[in-house]
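The chain contents come next:
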Amino acid sequence: MSHSEVNIIMSKRVLVTGPFGQIGSELVPELQDKHGKENVVALGHNYIPDDYEGVLEQGDVKDKEFLESLWEKYDFDVVYHLASLLSATGEKRPDLAWSVNMDGLKNILDLARENDNKVFWASSIAVFGPNTPMDDTPQHTILEPVTMYGVTKVSGELLCQYYNEKFGLDVRGLRYPGLLSWKEKPGGGTTDYAVEMFYKAIQGEKYTCFVREDTQLPMMYMEDAIEGTLQLMEADEEDITIRTSYNHSAISFRADKLVEEIQRYYPDFEVEYEPDERQKNADSWPNSVDDSKAREDWGWDHKYDLEKMAEVMIENLEEKLN
Ligand SMILES: NC(=O)c1ccc[n+]([C@@H]2O[C@H](COP(=O)([O-])OP(=O)(O)OC[C@H]3O[C@@H](n4cnc5c(N)ncnc54)[C@H](O)[C@@H]3O)[C@@H](O)[C@H]2O)c1
């Protein structure tokens, strides 16, 4: 048997929704390396990058008939469901956020169940709310979010758990914190300020930050998030004890601490604080999250602290922007 024949037999057919967003754009190349380019199907929506190389489909996760046609065309084994409206966009368009985030998820779960697939779904720290303990927020705690985004994430978590318990679907999820990355810009979330600061500092511009300087939120460098996602999906099924979504955590810092870190490289970088409606989202989310379940169950460990994250962000963005 040739090497490529062995590869086709061993490799899994993977569907990625939201493949060109902030997370997808970094997850897809990893999945292509792992399973072979021909085995990863990217389901784009309204934006397809010119330089994408790989199997491409275009459509809407709300459209069940379209999704059914995809499952008929490709014999998927695994689905990474990332398509979603994020927190800031979701507050502007709550009806659309509900239908993309909930109908989209239910469509994916139904097809995955019928076809015995394994599913990854992205939850968020937005499941928490103002009544949740703010420091070292536990895995099992009060989930009373005040954003439509958070409402869809709590509902989505319960739906995932239900599909696992009722139908035995192997669905796994992470409550991602704010993610910092340099390849794609973030797609309309509340933690976008952290990434925007790096761009402005490198471009030599002043930054107007849309949250207060004392706003502290859990954050993570993208490489850690991708590593955690792949690790969770590779873990033995019997080790997965959480079917809503795992708390997933790395670092946590105030907005002004990030500014100080960036000023070590760009001492003239200036920031003024003009909180807008996104402050309310930030205020309702934890300062830090206890992710010991993920660490115990499947060995999660982060690699990037604030200093190391800032160093790689600056190194890569300087190259990208100049
Ligand atoms: N980036 C973060 O900091 C962060 C933090 C917590 C959770 N998450 C979650 O991770 C997942 C991916 O996030 P991201 O940051 O890559 O988001 P993103 O906004 O960058 O990308 C989401 C993608 O979904 C696609 N999409 C939107 N509506 C669609 C539809 N109707 N049909 C098909 N595709 C559609 C968009 O084209 C977009 O490319 C989301 O579920 C998000 O809630 C992200």
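Quantities reported herein were computed from a predicted structural model and do not represent experimental measurements.

## Thoughts on the overall build of the protein
No. 1: Secondary structure assignment for the protein yields 12 helices and 12 strands.
No. 2: The C-alpha atoms of the protein give a radius of gyration of 19 Å, which matches the 20 Å a tight globule of 322 residues would have.
No. 3: Principal-axis analysis of the C-alpha atoms places the extent of the protein at approximately 60 × 45 × 40 Å.
No. 4: Pairs at least 24 residues apart make up 78% of the contacts formed inside the protein by residues separated by at least 6 positions.

## Describing unusual backbone geometry
No. 1: Backbone geometry at D116 places phi at a positive 55°, although glycine is not the residue there.
No. 2: Within the secondary structure, D116 is located in the loop between α5 (94-114) and β5 (118-124).
No. 3: Classification of D116 by C-beta neighbours within 10 Å gives exposed; the count is 12.

## Observations regarding the domain arrangement of the protein
No. 1: Taken domain by domain, the protein comprises domain 1 (3-176 + 222-247) and domain 2 (180-217 + 251-289 + 304-321).
No. 2: Centre-to-centre separation of domain 1 and domain 2, based on C-alpha positions: 26 Å.
No. 3: Taken together, the contacts link 26 residues of domain 1 with 19 residues of domain 2.
No. 4: When residues of the side of domain 1 that touches domain 2 are traced back to their parent elements, those giving at least two are α2 (24-35), α4 (87-92) and α8 (222-234).
No. 5: Sort the elements by how many residues they give to the side of domain 1 that touches domain 2 and α4 lands first, with 4 residues.

## Details of the nonpolar core
No. 1: Core analysis: the largest hydrophobic core is formed by 87 residues, its most contacted members being V14, V16, V119, L180 and M197.
No. 2: Inspection of this core shows a minimum of three residues originating in each of domain 1 (3-176 + 222-247) and domain 2 (180-217 + 251-289 + 304-321).
No. 3: Leaving out residues up to four positions away in the same chain, M197 has contacts with Y207, L258, V259, I262 and V271.

## With respect to the sheet that holds strand β10 (residues 246-247)
No. 1: The strand order across the open sheet formed by 7 strands is β3-β2-β1-β4-β5-β6-β10, and the pairing between neighbours is parallel. Taken across any chain shown, the strands that pair with only one partner, and hence form the sheet edges, are β3 (55-58) and β10.
No. 2: Sheet topology note: the strand β2 (residues 40-44)/β3 ladder contains 4 bridges and is parallel. Of the residues in β3, the one forming a bridge with L43 is E57.
No. 3: Where α2 meets the sheet, it contacts β1 (14-17), β2 and β4 (78-81), and its direction lies at approximately 175° from that of β1.

## Side note on the environment of L111
No. 1: By the secondary structure assignment, L111 is in helix α5.
No. 2: Sequence separation between L111 and E237 is 126 residues, and the spatial gap between their C-alpha atoms is 20 Å.

## Re the site of the ligand
No. 1: Taken together, 29 residues surround the ligand, and among them G18, G21, S84, A122 and G187 come closest.
No. 2: Of all the secondary-structure elements, those providing two or more residues to the shell around the ligand are α5, β5 and β7 (178-180).
No. 3: Here the shell around the ligand is built from residues that sort into 12 nonpolar, 15 polar and 2 charged.

## Some words on α2
No. 1: With 12 residues, α2 extends 15 Å between its outermost C-alpha atoms, agreeing within 8% with the 16 Å of an ideal straight helix rising 1.5 Å per residue.
No. 2: Of the residues making up α2, those classed as buried are G24, L27, V28 and L31. Viewed end-on, α2 has its buried residues packed into an arc of 100°, placing them on one side of the element.
No. 3: Each element contacted by the buried residues of α2 is listed here: β1, β2, β4 and α8.
No. 4: Downstream of α2 by one or two residues, G36 has phi in the positive range, about 95°.

## What about the sheet that holds β7?
No. 1: Taken in spatial order, the 3 strands make up an open sheet running β7-β9-β11, and their pairing is mixed. Each edge of the sheet is formed by a strand with only one pairing partner; in this case those strands are β7 and β11 (251-254). Across this sheet, the average inter-strand angle for adjacent strands is 45°, counted without regard to direction.
No. 2: In this sheet, strand β9 (residues 216-221) lies alongside β7 in parallel orientation, the contact comprising 3 bridges.

Rules used in this analysis
Residues numbered from 1 in each chain as written. Predicted model: local features only at pLDDT ≥ 70, side-chain atom pairs only at ≥ 80, totals over all residues. Helix = DSSP H or I, 4+ residues; strand = E, 2+ residues; numbered from the N terminus. Rg over C-alpha atoms; globule rule 2.2 N^0.38 Å. Contact = placed C-beta atoms within 7 Å. Buried ≥ 20, exposed ≤ 12 C-beta atoms within 10 Å, placed from the backbone. Domains from an automatic or database assignment. Core = buried A, V, L, I, M, F, W, Y, C linked by C-beta atoms within 7 Å. Pairing = 2+ DSSP bridges. Axes fitted to C-alpha atoms, helices over the stretch in contact; angles between N-to-C directions. Near = placed C-beta within 6 Å. Nonpolar A, V, L, I, M, F, W, Y, C, P; charged D, E, K, R; others polar. Expected span 1.5 Å × (residues − 1). Arc of directions from axis to C-beta.

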